[in-house]
Amino acid sequence: WQPFLSNKAVTVDVPVIFERCRQVLGVMSESFALKLLQLDDKDEDVPEVHCELVPDSKKLDEQVVRIGRCPKGAVVVNHLGVSWVHVELRLSQKTGKIAVKDLSANGTGIQQGNGDMKWLYRNEETPLGNGTAIVLPQKIKAKGGRPEDNVRRTISLRHTSEAEARKAREAREDKEQKAKKKKGERKEKVKKEKETKKEEKPEKKSDKKSDKKAEKEPEPEKRIEKKSRTERDGKDSKAKEREDKDRRRNRSRSRDENREQEDRRRNRS
């Protein structure tokens, strides 16, 4: 407390203090790196995946580390014998250290530094030490479609230092911030597009309404022409009706006359 009482400038490393407080309180996090080894035993162009497991964390990435064919997993293994979520890495509730849990159908193994292989039981947690490797799958189909599917894959595990864990944490935070910014930009673009569409729509409606009114309300000269046409059409229709009535009357008269003539002939006979 002397630097604070003497009013001197003091530089404080917040992440280091945070890690120290977690250690004192018994909340220990496990930071490690996973690496998928190639088939030709070449380490070129194979980046490590830095992971961190934190107890009682709200983030899913800090609770479970998943390995399998799922593209959202920490390590993606493109193999026909590997399940969608083949293996899960968690902090065991008993020891508080990293433990492996097999969730696959074809089995998983652990290879220690001595080269000894140990096959895991399904849905059971087994502790993992530094320098161990995860081997998957246990069962390999003889009739594989590709030659790569006839060989097991190994994933090495290496515990990282506090400095490496801090750098990896900062990189993850930067990625999250960039992803949030992109989402915000996309939302703003969508809102602007919707606003522009709403502004354009009423203008179009008003133009259509004005066009319809112009069509419905003709000019005075056109009104006179329409009236004259309707009057002519009405007169013509009345004259046609009269002619039809006269024809019907004449037909009925001719029928009556024919009947009277037939009756006279019968009476004469």
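Predicted, not measured: the structure shown is a model, and the values here were computed from it.

> Could you clarify how one ought to interpret the overall build of the protein chain in this entry?
In terms of regular secondary structure, the protein chain is built from four helices and 11 strands. Going through the 269 residues of the protein chain one by one, you find that 23% of them count as buried. Looking at the protein chain alone, contacts between residues at least 24 apart form 49% of all its contacts between residues at least 6 apart. Accessible surface, the protein chain: about 22,100 Å² in total, of which carbon and sulfur atoms supply 48%.

> When you look at the nonpolar core in this model, what are you seeing that I'm missing?
Soluble, globular proteins show a tendency: their nonpolar side chains are buried together. Formed by 21 residues in total, the largest nonpolar core has its most connected members in Phe32, Leu34, Ile67, Leu89, Leu128, Leu136 and Ile155. Elements supplying a minimum of two residues to this core: strand 1 (30-36), strand 2 (49-53), strand 3 (65-68), strand 5 (87-91), strand 6 (98-102), strand 10 (133-136) and strand 11 (153-159). For this core, the element with the most residues is strand 5, which contributes three residues.

> Honestly, the sheet that holds strand 2 in this entry has me stumped. Any pointers?
Two orientations exist for strands paired in a sheet by backbone hydrogen bonds: parallel and antiparallel. Strand order in this open sheet of six strands is 2-1-11-10-7-8, and the pairing throughout is antiparallel. For this open sheet the edge positions go to strand 2 and strand 8 (117-119), each flanked by a neighbour on one side alone. Looking at each pair of strands side by side, their axes are set apart by 25° on average, direction ignored.

> Is there a simple way to explain the pattern of salt bridges in this structure?
Any two side chains of opposite charge can pair if their charged atoms end up close together. With the rule as written, the count across this model stands at seven salt bridges. As a salt-bridge pair, Arg169 and Glu52 come within 3.0 Å of each other at their nearest N and O atoms. Pair noted here: Arg169 is in helix 3 (residues 162-216) and Glu52 is in strand 2, with a separation of 117 residues, a long-range link. Here Arg169 matches Glu52 in class, with each residue buried. One salt bridge connects Asp244 with Arg247, and the closest N-O pair in it is separated by 4.0 Å. With Asp244 and Arg247 both in helix 4 (residues 220-268) and three residues apart, the pair spans about one turn of that helix. Residue classification places Asp244 among the partly exposed residues on the basis of a relative accessible area of 35%. The network of salt bridges with common partners includes Glu48, Arg158 and Glu164.

> Got a minute to help me understand a negative patch on the surface in this structure?
Residues Asp256, Glu257, Glu260, Glu262 and Asp263 make up a contiguous surface patch of negative charge. Secondary-structure assignment places Glu260 in helix 4. Using a relative accessible area of 46% as the deciding quantity, one classes Glu260 as partly exposed.

> Would you mind showing me how to read unusual backbone geometry here?
Across residues other than glycine, the phi torsion is negative in most instances, and most of the peptide bonds are trans. For the bond running from Leu136 to Pro137, omega is -5°, close enough to zero to count as cis. One non-glycine residue, Asn123, lies in the positive phi region at around 60°. For Asn123, the position within the fold is in the loop between strand 8 and strand 9 (125-127). Taking the relative accessible area as the measure of exposure, Asn123 reaches 48% and is therefore partly exposed.

> For this particular structure, what's the right way to read the sheet that holds strand 9?
Reading across from one edge, 4-3-5-6-9 is the order of the five strands in this open sheet, with mixed pairing throughout. Two strands bound the open sheet, and with one partner strand each, they are strand 4 (75-76) and strand 9.

> Sorry, what's going on with the confidence of the model for the protein chain here?
When pLDDT is low, close inspection of the predicted coordinates is not appropriate. Looking at the protein chain as a whole, its pLDDT mean stands at 76, while 72% of the residues score no less than 70. For the stretch residues 23-27, pLDDT sits under 50, and the model shows four contacts to residues farther than four places along the chain or on other chains.

> Is there a simple way to think about the side chain of Glu52 in this case?
Overall, Glu52 belongs to the buried group, its relative accessible area being 3%. Within the structure, Glu52 has its side chain in polar contact with the side chain of Arg169 (distance 3.0 Å). A distance of 3.1 Å separates a polar atom in the side chain of Glu52 from a polar atom in the side chain of Arg172.

Criteria and cut-off values
Residues numbered from 1 in each chain as written. Predicted model: local features only at pLDDT ≥ 70, side-chain atom pairs only at ≥ 80, totals over all residues. Heavy atoms only, no water. Helix = DSSP H or I, 4+ residues; strand = E, 2+ residues; numbered from the N terminus. Buried < 20%, exposed > 50% of the residue type's maximum accessible area, 1.4 Å probe, protein only. Contact = heavy atoms within 4.5 Å. Areas by Shrake-Rupley, 256 points an atom, 1.4 Å probe, with all protein chains shown as cover. Core = buried A, V, L, I, M, F, W, Y, C linked by side-chain atoms within 4.5 Å. Pairing = 2+ DSSP bridges. Axes fitted to C-alpha atoms, helices over the stretch in contact; angles between N-to-C directions. Salt bridge = Lys/Arg side-chain N within 4 Å of Asp/Glu carboxyl O. Patch = residues over 30% accessible without salt bridge, like charges linked within 9 Å, V, L, I, M, F, W, Y side chains within 5 Å. Lys, Arg positive; Asp, Glu negative; His and termini not counted. Charge placed at Lys NZ, Arg CZ, Asp CG, Glu CD. pLDDT = per-residue confidence, 0-100. Polar contact = N/O pair within 3.5 Å; in protein donor to acceptor, adjacent residues only side chain to side chain.

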